[in-house]
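Reading the structure
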Amino acid sequence: MSPTPPKRPHTTLTFAQSLDAKIAGAEGRQLILSGEESMIMTHWMRTMHDGILIGIGTALNDDPQLNVRKLPPPNAMSYHLPRPIIIDTYLRLPPTCKLLLNYQNKVGRRPWVVCGHVAAPSTHSRLPADTAETRLLRKQALEAAGARIIEIPMTPTADGIGTRLSIPSVLQTLKELGISSVMVEGGAQIISSFMEENTADTLIITIAPTFVGASGVAYNCITEAGNLKYMGTMAIGKDSVFTFCHKDSNIFYQGHF
Ligand SMILES: NC(=O)C1=CN([C@@H]2O[C@H](COP(=O)(O)OP(=O)(O)OC[C@H]3O[C@@H](n4cnc5c(N)ncnc54)[C@H](O)[C@@H]3O)[C@@H](O)[C@H]2O)C=CC1
Ligand SMILES: Nc1nc(O)c(N)c(N[C@@H]2O[C@H](COP(=O)(O)O)[C@@H](O)[C@H]2O)n1
């Protein structure tokens, strides 16, 4: 029996970390932690999913491409390209980001930007001086650059001060829009949210043999494995890749989700 509830896509949570559980350097500096071989594995996994999801923090910090360019010839574009999906509550994604440029240049799929539906922006948005007008301008600029904007209701954060998007609502919306499998790549807050929500069907962590130090960026670790069971460890190049599956699942990285 599949553990995947029919109302959300199959969800693979995957990222790379150091031995001291850091996913980025001081002040979020992007680190290439994965070795060449495990990075190729990540690009293979990208081909196996309908969408790749990241948070706006990662989009702003890394300006990623989320494509499959590390795969062997003849032509990386002949592989299935996943759709980039950005969780961007307040529409902060720059219209000049690589994901949108790649789409304009026909070397990437149209990015979807999932944002908060704002009834009264001045009371809901934490961006300084944000108004319905400035938000509308950002939305129009993103749409003009090619983004599809998907608005969903915002929910209050646990402290009651801020707002964010509900992960189950994001996933349900994606499923309704035809995304059957999604690879969640980060960053720290998104990883923490998916772990807290127990939403991953598969968790794949690449651990690089390096230390980043206390100033690096960490995610909030689950204190227990939740619904996940350990499936195995692979040595790929210099890295160790740990795989977990939903505890009710017998599926172990079959290659089709
Ligand atoms: N080593 C690795 O595999 C990876 C490392 N990274 C690193 O992670 C860092 C970025 O991480 P963060 O700043 O934490 O940004 P993030 O990419 O996790 O995005 C977080 C933002 O998403 C929005 N959001 C809306 N609803 C949310 C929800 N329910 N839960 C969480 N966020 C929600 C909020 O605006 C929040 O600030 C960068 O330094 C990047 O290099 C990112 C991806 C993979
Ligand atoms: N698998 C993996 N290993 C690392 O060492 C990483 N830093 C990441 N980062 C993720 O990949 C995105 C960059 O993708 P592109 O190279 O631009 O295609 C980055 O934004 C993170 O999501 N992943």
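As a starting point, this report considers the structure included with it. (Residues numbered from 1 in each chain as written. Chains lettered and ligands numbered in written order. Predicted model: local features only at pLDDT ≥ 70, side-chain atom pairs only at ≥ 80, totals over all residues. Heavy atoms only, no water.)

**Section: the overall build of the protein**
Within the protein, the regular secondary structure consists of seven helices and 10 strands. When contacts within the protein are restricted to residue pairs at least 6 apart in sequence, those whose partners lie at least 24 apart make up 76%. Counting only carbon and sulfur atoms, one obtains 54% of the accessible surface of the protein, whose full area is about 12,500 Å². (Helix = DSSP H or I, 4+ residues; strand = E, 2+ residues; numbered from the N terminus. Contact = heavy atoms within 4.5 Å. Areas by Shrake-Rupley, 256 points an atom, 1.4 Å probe, with all protein chains shown as cover.)

**Considerations on the site of ligand 1**
Around ligand 1, the surrounding shell holds 26 residues, and the nearest of these are A16, G28, T58, L165 and S193. The side chain of S193 places a nitrogen or oxygen atom 2.6 Å from a nitrogen atom of ligand 1. Within the complex, the protein chains bury 86% of what would otherwise be the 860 Å² of accessible surface of ligand 1. Elements that contribute at least two residues to the shell around ligand 1 include exactly β1 (10-17), α2 (56-62), β6 (163-165), β7 (181-186) and α7 (188-197). Broken down by element, the residue count for the shell around ligand 1 peaks at five residues, all from α2. Its residues assigned to classes, the shell around ligand 1 shows 11 nonpolar, 11 polar and four charged. (Near = heavy atom within 4 Å. Polar contact = N/O pair within 3.5 Å; in protein donor to acceptor, adjacent residues only side chain to side chain. Nonpolar A, V, L, I, M, F, W, Y, C, P; charged D, E, K, R; others polar.)

**So, the site of ligand 2**
Around ligand 2 there are 16 residues in total, and L31, L33, S34, Q65 and R69 lie nearest to it. The contact in question runs from a nitrogen atom of ligand 2 to an N or O atom on the backbone of L31, over 2.8 Å. The contact in question runs from an oxygen atom of ligand 2 to an N or O atom on the side chain of R46, over 2.9 Å. If you list the elements that add at least two residues to the shell around ligand 2, you get α1 (36-47) and α2. By residue number, the principal contributor to the shell around ligand 2 is α1, which donates three residues.

**Quick look at unusual backbone geometry**
A cis amide bond, omega 0°, links G186 with the succeeding residue G187. Inspection of the secondary structure puts G187 in the loop between β7 and α7. Unusually for a residue other than glycine, L91 sits at a positive phi of about 60°. Within the secondary structure, L91 sits in the loop between β3 (83-87) and α3 (98-104).

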